[in-house]
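Residue-level structural notes
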Amino acid sequence: MRKITLIPGDGIGPDITEAAVRVIEATGVAIEWEEVKAGLSAIEEFKDPLPEPTLESIRSNSVALKGPLTTPVGSGFRSVNVALRKEFDLYVNLRPAKSFEGLKTRYDDVDLIVFRENTEEFYAGIEHYIDPQRSAAETIGVVTRNGSERICRYAFEYAKQHGRKKVTVVHKANILKFTGGLFLEVAQNVAEEFPEIEFNDKIIDNMAMQMVLNPNQFDVILTTNLFGDILSDLASGLVGGLGLAPGANIGYNAAIFEAVHGSAPDIAGKNIANPCAVILAGAQMLDHFGEFEKAKKITDAVADVIKEGKQVTRDLNPDKYVGTKEMGQAIEERVKGV
Ligand code: NAD
């Protein structure tokens, strides 16, 4: 029996993680869930958005499935998501975006993986106002050779192991000559060790346009923290939106699986959120354990339910939809073979 930390999260989190747990359990995998709190719900109970029992649970189990956590905009406590990535040195953020059959989107054959450096640059929290009048503010983005090298190597190794053909590194090294330049240089050096994988680079602004115009020219996308955050949302938009986009945060000693999307306060508590992103994150988690067949059962079941189109949430079909619970149940039944 494998013990896994479960963080239901804020907003739509509890509903979608409940659906994910049911779907994962339907595969027959033996998991004991250790449910802990983080984010707004943890503040209510512990007066701390990231209490010690939560950290201790992830430390001892090494793997967590996490619902989204709310971060106040502009002021208030710092992002708990970023804090978790820092605390456990989860330097890889792996965010796939793949088209689903039967879903009306701009393209029907997208198959991308975004690798985002997850610990450095503008998300490191090195920022302040320069004076009490708040007349100016600065955020310092530090990019290190080691930090760049480990994510670049991970992306290339992944591409090699998974039969991916091409890696595109995305940067702004024409303007950010030092931070962007260092990341690009490291990526170029690592690419030389993988001659079987095609390699090119794109400047971020051009990349954003190219992904919208012709996403099929890309395969694996490798980039720094902020650009990766933005491009992975863009990639999800190409295949049906945030409701379908899972993400894995991976380090040497721990991994946290979650949806790319946030706590969606605008639709929380209404049974309309799409549970697929966190369900697919559950499949990524099973893959991570080597439970490949069970993971595939989940991705196949999600694809089947979307293809059939009868039990999908409002974001996927605004004309005819069911609730979060109902779509979750439909996926669970497919997994069970009912
Ligand atoms: P969001 O991802 O929560 O929502 C963006 C839009 O997508 C909203 O219109 C929302 O209704 C929709 N959406 C998101 N998930 C959906 C789903 N499963 N089904 C259907 N529609 C869905 O982004 P936001 O509104 O910018 O952020 C809300 C909060 O979430 C903020 O506090 C932010 O900091 C936090 N956030 C957390 C994470 C995380 O926990 N990893 C990631 C991103 C944002």
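Rules behind the numbers
Residues numbered from 1 in each chain as written. Predicted model: local features only at pLDDT ≥ 70, side-chain atom pairs only at ≥ 80, totals over all residues. Heavy atoms only, no water. Helix = DSSP H or I, 4+ residues; strand = E, 2+ residues; numbered from the N terminus. Expected span 1.5 Å × (residues − 1). Buried < 20%, exposed > 50% of the residue type's maximum accessible area, 1.4 Å probe, protein only. Contact = heavy atoms within 4.5 Å. Pairing = 2+ DSSP bridges. Axes fitted to C-alpha atoms, helices over the stretch in contact; angles between N-to-C directions. Near = heavy atom within 4 Å. Polar contact = N/O pair within 3.5 Å; in protein donor to acceptor, adjacent residues only side chain to side chain. Areas by Shrake-Rupley, 256 points an atom, 1.4 Å probe, with all protein chains shown as cover. Nonpolar A, V, L, I, M, F, W, Y, C, P; charged D, E, K, R; others polar.

1. Considering helix 6 (residues 179-192)
- With 14 residues, helix 6 extends 21 Å from end C-alpha to end C-alpha; this agrees with the ideal 20 Å at 1.5 Å per step.
- Residues of helix 6 that are buried include every one of G180, G181, L182, F183, L184, V186, A187, V190 and A191, and no others.
- Those residues of helix 6 that are buried lie in contact with strand 5 (111-117), helix 5 (145-161), strand 8 (166-171), strand 9 (198-203) and strand 10 (220-223).

2. Here's the deal with the sheet that holds strand 11 (residues 246-250)
- An order of 2-1-3-12-11-4-5-10-8-9 is seen for the ten strands of this open sheet, with the pairing classed as mixed. The outermost strands of the open sheet, each flanked by one partner alone, are strand 2 (31-35) and strand 9. Recorded for the sheet is a direction-independent mean angle of 25° between the axes of neighbouring strands.
- Bridge count between strand 4 (residues 92-98) and strand 11: three bridges; the pairing is antiparallel. For N93, the partnering residue across the bridge sits in strand 11 and is N249.
- Against the sheet, helix 7 (residues 204-213) engages strand 5, strand 8, strand 9 and strand 10, with an angle of about 110° to strand 9.

3. Quick look at the site of the ligand
- Around the ligand sit 22 residues in total, of which L69, T71, G262, A264 and N274 are the nearest.
- The separation between an oxygen atom of the ligand and a polar main-chain atom of T71 is 2.8 Å.
- Contact between the ligand and A264: an oxygen atom at 2.8 Å from a main-chain N or O atom of the residue.
- In isolation the ligand has 820 Å² of accessible area, and contact with the protein removes 70% of it.
- Residue classes in the shell around the ligand are distributed as nine nonpolar, eight polar and five charged.

None of this, on its own, says anything about what the molecule does.
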